[in-house]
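Structural characterization, general
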Amino acid sequence: MDLLSSIKNNAKIHCKRIVLPEGTEERTIKAANEVLGEKIAKIILLGNPDKINELAKKHDLKNIGMATIVDPMNHAKKNEYVDLMVELRKSKGLTHSAALKQVEDPLYLGTIMIKNGDADGEVAGAMNATGDVLRPAFQFVKTLPGISVVSGAFIMILKNKQFGNDGILVFADCAVHPNPTDRELAEIAVATSKTTKAIAGFEPRIAMLSFSTKGSAKHEMVDKVVNATRIAKEMDPSLKIDGELQADAAIIEAIGKSKAPGSEIAGKANVLIFPTLEAGNIAYKLVQRLAEAEAIGPVLQGMAAPINDLSRGCSVSDIVNLIAITVNQAAGK
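Please read all numbers here as calculations on a predicted model, not as lab measurements.

Quick look at the overall build of the chain
Within the chain one finds 13 helices and eleven strands. Relative to the globule expectation of 20 Å for 333 residues, the C-alpha radius of gyration of the chain, 21 Å, shows essentially globular dimensions. Oriented by its inertia axes, the alpha-carbon framework of the chain measures out at about 65 × 45 × 30 Å. Long-range pairs, those at least 24 residues apart, make up 73% of the contacts in the chain with a sequence separation of at least 6. Mean positive and mean negative side-chain charge positions of the chain (40 and 39 charges, respectively) differ by 2 Å.

So this is what it looks like as structure tokens:
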């Protein structure tokens, strides 16, 4: 069974409630129909009910009747959500009238539904920019306890099975935070450990990457990785983690034994944490193209509940896959 099939099967077991704020977007409603048919998730569609039902009829989407449809302009919990929003953001000056306007925005409504316990996760971005998707999430759902930074992981599926966990590696951060501090880098490692367990389904062996292995070079950027490794161990003593390691020492056993003798991670890493966003983003794209690897993601991590952002060029199958991943994250939380 390939990883995506495994992710979908695991999602079917848990079948969490996933809210889709872009309920009147064509690819989104088609994906919702497929997800409902396969029982991957319980779907909450946000949008004008007449438009949603019209789209469902137009495209012969027979499963949309199983979705919960919530009209952002008029629903039973509108005032309850407004009161919660004001309570959560009154120190930031949010007024009742401003909250009443915000809650009619599906992206804000989706996040406050999660905060109120009425949904387990969210997938959006097919027709909205990343900043618009994440802004309400940062304001109302916020980050996990002990985590101050959101990051993006990619699950890399290689044809060459000798690397990682039978050809599967997890890369982070490849999507969000340009230049994390040592503390933030440690948080990214801890969050990626959780993502690896919840989605990839294996025990993470984390390599904190640098251009140096165990003191072979001296530089403040190396110091950052060394400090981050120490902080990550303090945050979670159960982590299997080592650094600083060069990429070849992390994934090739003979080189790992030579450059970092005695390390339980060197040569065996299945999770690679990059020191900066530029390094992570360049690396995943090179591996994707040169090794013809499948790159699943970005999977956003560090939020108190899973909220994932789509590319605006996404396909229906991309949305289905990300909904399944979001269910797995919610189940792992």
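Now that the structure has been shown, we can carry on.
Side note on the sheet that holds strand β1 (residues 17-20)
Judged by pairing direction, the sheet is parallel, and its five strands sit side by side in the order β3-β2-β1-β4-β11 without closing on themselves. On the outer flanks of this sheet lie β3 (68-70) and β11 (307-309), each paired with one strand and no other. On average, each strand axis in the sheet is inclined to that of its neighbour by 20 degrees, with strand direction left out of account. Across four bridges, the pairing between β1 and strand β2 (residues 42-46) is parallel. If you follow Arg-17 over to β2, its bridge partner there is Lys-42.

With respect to the packing of helix α6 (residues 106-115) against helix α7 (residues 130-141)
Look at α6 against α7: their axes get within 9 Å of each other, and the N-to-C directions meet at 30 degrees. One element, α6, and the other, α7, form an angle in the roughly parallel class. Here α6 runs over α7; the crossing is right-handed. Of the residues in α7, those touching α6 at Leu-107, Tyr-108, Thr-111, Ile-112, Ile-114 and Lys-115 are Asp-132, Val-133, Arg-135, Pro-136, Ala-137, Gln-139, Phe-140 and Val-141.

With respect to the pattern of salt bridges
As a working rule, side chains carrying opposite charge can pair if their charged atoms are close by. This model, assessed by the stated rule, comprises 15 salt bridges. The partner of Asp-60 in a salt bridge is Lys-62, with the nearest N and O atoms 2.8 Å apart.

A few points about a nonpolar patch on the surface
There is a patch of nonpolar side chains on the surface, built from Ile-282, Leu-286 and Leu-290 and spanning about 330 Å² of accessible area. Topologically, Ile-282 is positioned in helix α12 (residues 277-290).

Considering the layout of surface pockets
As a volume, the largest pocket reaches approximately 490 Å³. Forming the walls of the largest pocket are 23 residues, and the residues nearest its centre are Gly-297, Pro-298, Asp-309, Leu-310 and Ser-311. Taken together, the elements giving at least two residues each to the lining of the largest pocket come down to α7, β10 (294-301) and α13 (316-332). Elements with a minimum of two residues in the lining of the second largest pocket: α8 (182-200), β10 and α13. Of all the elements, α8 adds the most residues to the lining of the second largest pocket, at seven residues. Partitioned by chemical class, the residues of the lining of the second largest pocket number twelve nonpolar, seven polar and four charged.

Quick notes on the rules
Residues numbered from 1 in each chain as written. Predicted model: local features only at pLDDT ≥ 70, side-chain atom pairs only at ≥ 80, totals over all residues. Heavy atoms only, no water. Helix = DSSP H or I, 4+ residues; strand = E, 2+ residues; numbered from the N terminus. Rg over C-alpha atoms; globule rule 2.2 N^0.38 Å. Contact = heavy atoms within 4.5 Å. Lys, Arg positive; Asp, Glu negative; His and termini not counted. Charge placed at Lys NZ, Arg CZ, Asp CG, Glu CD. Pairing = 2+ DSSP bridges. Axes fitted to C-alpha atoms, helices over the stretch in contact; angles between N-to-C directions. Parallel < 35°, antiparallel > 145°, perpendicular 65-115°, else oblique. Left-handed = near helix turned anticlockwise from the far one by under 90°. Salt bridge = Lys/Arg side-chain N within 4 Å of Asp/Glu carboxyl O. Patch = residues over 30% accessible without salt bridge, like charges linked within 9 Å, V, L, I, M, F, W, Y side chains within 5 Å. Areas by Shrake-Rupley, 256 points an atom, 1.4 Å probe, with all protein chains shown as cover. 1 Å grid on protein atoms, 1.4 Å probe; cavity = no way out; pocket = protein on both sides within 12 Å on 5 of 7 lines; lining within 4 Å. Points joined across faces, edges and corners; volume = space filled by probe spheres on them. Nonpolar A, V, L, I, M, F, W, Y, C, P; charged D, E, K, R; others polar.

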